[in-house]
Amino acid sequence: MTTIASALTSVKRRIAAAAEAAHRSPDDIQLLAVSKTWPAAAVAEAARTGQRAFGESYLQEALDKIEALRALALEWHFIGPIQRNKTRPIAENFAWAHSVDRLNIAQRLNDARPPALPPLNVCLQVNVSGEATKSGVDPETLPALARAVAALPRLTLRGLMTIPRPAAGAAQRAPFQQLRQLRESLMRQGFSLDTLSMGMSSDLDAAVAEGATIVRVGTAIFGARQREDNQRIDNGSTP
Ligand SMILES: *Cc1c(COP(=O)(O)O)cnc(C)c1O
């Protein structure tokens, strides 16, 4: 087995163990392999093990990989900050966008989604307490944004996403619990949301315990990124 293949196996074991501990079915948790900064060859290697869903944060790099790997028919998820002038290529090339936090971005994605494709699956990124970045909608504004996004015909509002500030031990669970409760609250208001996109290499176990349905895992699959992840810097935050 290659390094990536065996890492994928251990990540799946971790997900299964966390699911079992939470009395959940591992089948209800999708593994999104976060391949940002890694070359197409690494994605292809993961794909050979059967991994289909890949997450990317940097648009140009992602578009190059999508083009290079088109024959594999993979499912691409955009998980990075979405700039206004990048909405069209995202709408044209991705199956999911996890990081929608403003109506104007959602409208632009909706307007640019090609009619030949199914609606773009969307998660609203929420700034729960302890969020590492300044991006994400505030919990108080979330219901109004959800209502407006759900009305856009070329988007399917699937659920909520968050990126908590790194924490250790039991403290990891609080932001995930908050996201779960926000989803429950929206569902009581009539939204049908099947997705909680939460949990990364260092905290996926806590996220699964709190109900994650998609975990976004990079480092634990591909190794430590050579290039620094700029996401927090891009968002202009001071953690
Ligand atoms: C990079 C990234 C991940 C993966 O993080 P790891 O710690 O490498 O698992 C998950 N989600 C988002 C939004 C990211 O930018």
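Everything below is about the structure printed above this text.
This write-up is about the structure you can find in this document. Because the structure is predicted, anything quoted here is derived from the model rather than measured.

Brief notes about the overall build of the chain
Moving on, step 1. A tally of regular secondary structure across the chain gives ten helices and eight strands.
Moving on, step 2. In terms of overall size, the chain behaves like a compact globule, its C-alpha atoms giving a radius of gyration of 17 Å where 239 residues would be expected to give roughly 18 Å.
Moving on, step 3. If one aligns the C-alpha atoms of the chain with their principal axes, the spans along those axes are about 50 × 40 × 35 Å.
Moving on, step 4. The burial tally for the chain puts 51% of its 239 residues in the buried class.
Moving on, step 5. Look at the contacts in the chain between residues 6 or more apart in sequence, and 60% of them connect residues 24 or more apart.
Moving on, step 6. In the structure as shown, the chain presents an accessible area of about 10700 Å², 52% of it carried by carbon and sulfur atoms.
Moving on, step 7. When the 28 basic and 23 acidic side-chain charges of the chain are each reduced to a single mean position, those positions are 2 Å apart.

Brief notes about the site of the ligand
Moving on, step 1. Within the structure, the ligand sits among 15 residues, and K36, S201, G218, T219 and R225 are positioned closest to it.
Moving on, step 2. R225 places a polar side-chain atom, nitrogen or oxygen, 2.8 Å from an oxygen atom of the ligand.
Moving on, step 3. Contact with the protein chains covers 94% of the free accessible surface of the ligand, which is 390 Å².
Moving on, step 4. Along the lines of polarity and charge, the residues of the shell around the ligand split into six nonpolar, five polar and four charged.

Brief notes about unusual backbone geometry
Moving on, step 1. Within the chain, T37 stands out as a residue other than glycine whose phi angle is a positive 75 degrees.
Moving on, step 2. Topologically, T37 is positioned in the loop between β1 (30-34) and α2 (40-48).
Moving on, step 3. Even without being glycine, A73 reaches a positive phi, approximately 50 degrees.
Moving on, step 4. Relative to the elements of secondary structure, A73 occurs in the loop between α3 (59-68) and β3 (75-78).
Moving on, step 5. Classification of A73 as exposed rests on a relative accessible area of 62%.

What about the environment of I4?
Moving on, step 1. Note that I4 resides in helix α1 (residues 3-21).
Moving on, step 2. Between the alpha carbons of I4 and T156 there is a distance of 32 Å; along the sequence they are 152 residues apart.

As for the environment of V100
Moving on, step 1. You can see V100 is positioned in strand β4 (residues 96-100).
Moving on, step 2. As for V100 and G80, which are separated by 20 residues in sequence, their C-alpha atoms are 9.3 Å apart.

As for helix α7 (residues 173-188)
Moving on, step 1. For α7, spanning 16 residues, the distance from its first C-alpha to its last is 22 Å, which sits close to the expected 22 Å at 1.5 Å a residue.
Moving on, step 2. Along α7, the residues that are buried comprise P175, F176, L179, L182, R183 and L186. Each buried residue of α7 lies within a common arc of 115 degrees when the element is viewed along its axis, so the set occupies one face.
Moving on, step 3. Phi turns positive one or two residues past the end of α7, at G190, with a value near 105 degrees.

Re the nonpolar core
Moving on, step 1. L109 and L124 are the most contacted members of the largest nonpolar core, which totals 65 residues.
Moving on, step 2. Take this core: its biggest share by element is six residues, from α1.
Moving on, step 3. With residues up to four places along the chain from it excluded, the contact list for L124 reads H98, V100, L142, L145, A146, V149, L157, G159, L160 and M161.
Moving on, step 4. Counting nine residues, the second-largest nonpolar core is a separate cluster that includes L32, V34, I79 and I214.

Some words on the packing of aromatic side chains
Moving on, step 1. By the definition in use, this model includes three aromatic pairs.
Moving on, step 2. Ring centres 6.4 Å apart and planes at 25 degrees place the aromatic pair W38 and F222 in the stacked group. Remark: F222 occurs in helix α9 (residues 219-222) and W38 occurs in the loop between β1 and α2; sequence separation between them is 184 residues. Note on accessibility: W38 and F222 belong to one class, buried.
Moving on, step 3. Seen in terms of ring centroids, F54 and W76 are 5.8 Å apart; in terms of plane orientation they differ by 40 degrees. Their pairing is tilted. Of this pair, F54 sits in strand β2 (residues 53-56) while W76 sits in strand β3, and the two are 22 residues apart along the sequence. A single burial state applies to F54 and to W76, both of which are buried.

Points about the side chain of T87
Moving on, step 1. If you trace the backbone, T87 turns up in helix α4 (residues 87-93).
Moving on, step 2. Looking at T87, its side chain comes within polar contact range of the main-chain oxygen of R84, at 3.0 Å.
Moving on, step 3. Those residues in contact with T87, other than ones at most four positions away along the chain, are I82, I105, R108 and L109.

About the criteria used
Residues numbered from 1 in each chain as written. Predicted model: local features only at pLDDT ≥ 70, side-chain atom pairs only at ≥ 80, totals over all residues. Heavy atoms only, no water. Helix = DSSP H or I, 4+ residues; strand = E, 2+ residues; numbered from the N terminus. Rg over C-alpha atoms; globule rule 2.2 N^0.38 Å. Buried < 20%, exposed > 50% of the residue type's maximum accessible area, 1.4 Å probe, protein only. Contact = heavy atoms within 4.5 Å. Areas by Shrake-Rupley, 256 points an atom, 1.4 Å probe, with all protein chains shown as cover. Lys, Arg positive; Asp, Glu negative; His and termini not counted. Charge placed at Lys NZ, Arg CZ, Asp CG, Glu CD. Near = heavy atom within 4 Å. Polar contact = N/O pair within 3.5 Å; in protein donor to acceptor, adjacent residues only side chain to side chain. Nonpolar A, V, L, I, M, F, W, Y, C, P; charged D, E, K, R; others polar. Expected span 1.5 Å × (residues − 1). Arc of directions from axis to C-beta. Core = buried A, V, L, I, M, F, W, Y, C linked by side-chain atoms within 4.5 Å. Phe/Tyr/Trp six-rings, centres within 6.5 Å; stacked < 30°, edge-to-face > 60°.

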